[in-house]
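# Observations on the model geometry
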Amino acid sequence: MPGFTGHTVANSVALVGTSAFMYWQGWSLQDIFFVDTGIVISTLILSPDMDLFTSKPMNGWGILRVFWWPYSKLVKHRDRLHTPIVGTTVRWLYTLGLLALLVLLFRFWFRRIGLQVEFSFDGDREDIIFNLLYVLDVYIGAAIADALHFVLDMFVREPRRARGNRRALRREPDPSLFGE
Ligand SMILES: [Zn+2]
């Protein structure tokens, strides 16, 4: 892969280009903002490189990256989930799953300490549909970022130095790294 910096630079250019294009196409500023949010999230937080436990986006999660350990173990680096749309969807669902798990744990914990907290979503139906459209914007942005990541990974080979560093980090030779 072209490295975190390469991906960030490329995605930043894509962010500016996409924003200009949407503005020209008459998208609302809110829509543009949410698409951009999707691009930023998929570049820094939910990058396709989450399949590598030592990647920069993974490090950004700090201690929380333990939640991504199963993902990085199950998904082979640069395998099928490195592809846009498929990978994007799986990673976002994985995140939703994590959030749902946290909510469940908190509910359980609140009940144990005798706290009654209602988690209800009684918003207007129109409100929900309206917000879903923004979720779609974020998703579009994420898919754009992931697509660019994929293309860049395909055309730019990882520099040897970076490979060596990563192997050193893992403290073990990983044959899969040579196949990149
Ligand atoms: Zn990659």
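Residues numbered from 1 in each chain as written. Predicted model: local features only at pLDDT ≥ 70, side-chain atom pairs only at ≥ 80, totals over all residues.

We now examine the overall build of the protein. Helix and strand content of the protein: eight helices and zero strands. Traced from its N-terminal end to its C-terminal end, the protein shows the element sequence α-α-α-α-α-α-α-α. For the protein, long-range pairs separated by at least 24 residues make up 67% of all intrachain contacts whose partners lie at least 6 apart in sequence. (Helix = DSSP H or I, 4+ residues; strand = E, 2+ residues; numbered from the N terminus. Contact = placed C-beta atoms within 7 Å.)

This brings us to the packing of helix H1 (residues 3-24) against helix H2 (residues 29-44). Two numbers describe how H1 lies on H2: the axes approach to 10 Å, and their chain directions differ by 170°. The angle between H1 and H2 places the two elements in the roughly antiparallel class. Across the interface between the two elements, His7, Thr8, Asn11, Ala14, Leu15, Thr18, Ser19, Met22 and Tyr23 from H1 touch Asp31, Ile32, Val35, Asp36, Ile39 and Thr43 from H2. Along the lines of polarity and charge, the residues of the contact of H1 with H2 split into seven nonpolar, six polar and two charged. (Axes fitted to C-alpha atoms, helices over the stretch in contact; angles between N-to-C directions. Parallel < 35°, antiparallel > 145°, perpendicular 65-115°, else oblique. Nonpolar A, V, L, I, M, F, W, Y, C, P; charged D, E, K, R; others polar.)

Moving on, we get to the nonpolar core. If you look at the biggest cluster of nonpolar residues, it comprises 16 residues, and the most contacted ones within it are Val35, Ile39, Met50, Met58, Ala142, Ile144 and Ala145. If you list the elements that add at least two residues to this core, you get H1, H2 and helix H6 (125-155). Per element, the largest residue contribution to this core is six residues, and it comes from H6. With sequence-adjacent residues up to four places away left out, Met58 is seen in contact with Met50, Leu52, Phe53, Arg65, Trp68 and Ser72. (Core = buried A, V, L, I, M, F, W, Y, C linked by C-beta atoms within 7 Å. Buried ≥ 20, exposed ≤ 12 C-beta atoms within 10 Å, placed from the backbone.)

This brings us to the environment of Leu74. Within the element layout of this structure, Leu74 appears in helix H4 (residues 69-74). On the neighbour-count criterion, Leu74 (11 C-beta atoms within 10 Å) is exposed. With 23 residues separating them along the chain, Leu74 and Asp51 place their C-alpha atoms 8.2 Å apart.

Because the α-helix completes a turn every 3.6 residues, residues three or four places apart line up on one side. Across its 31 residues, H6 extends 45 Å between first and last C-alpha, which sits within 8% of the 45 Å expected from 1.5 Å per residue. In this structure, the buried side of H6 is in contact with H1, H2 and helix H5 (86-112). (Expected span 1.5 Å × (residues − 1).)

Attention now goes to the packing of H5 against H6. Relative to each other, H5 and H6 sit at 125°, their axes nearing to 9 Å. Comparing the axis directions of H5 and H6 gives the class oblique. For the pair H5 and H6, the sense of crossing is right-handed. Residues Gly87, Thr88 and Trp92 of H5 pack against Ala142, Ala143 and Asp146 of H6. Residue classes in the contact of H5 with H6 are distributed as three nonpolar, two polar and one charged. (Left-handed = near helix turned anticlockwise from the far one by under 90°.)

Our focus in this paragraph is the confidence of the model for the protein. Confidence in the prediction for the protein averages 86 pLDDT; 82% of positions are at 70 or higher. Within the protein, no element has a lower average pLDDT than helix H8 (residues 175-178), which sits at 41, and none a higher one than H2, at 97. Considering only residues more than four positions removed or in separate chains, one finds that residues 172-180, a stretch of pLDDT under 50, has nine contacts. (pLDDT = per-residue confidence, 0-100.)

On to H2, then. Helix length check: H2, at 16 residues, gives a terminal C-alpha distance of 22 Å against a target of 22 Å (1.5 Å per residue), a fit within 8%. Check the buried side of H2 and you find it contacts H1, H5 and H6.

Glancing now at unusual backbone geometry. With a phi angle near 65°, Arg78 is a residue other than glycine that sits in the positive phi range. Residue classification places Arg78 among the buried residues on the basis of 21 C-beta atoms within 10 Å. Residue Ile85 is not a glycine yet carries a positive backbone phi of 65°. Along the polypeptide, Ile85 turns up in the loop between H4 and H5.

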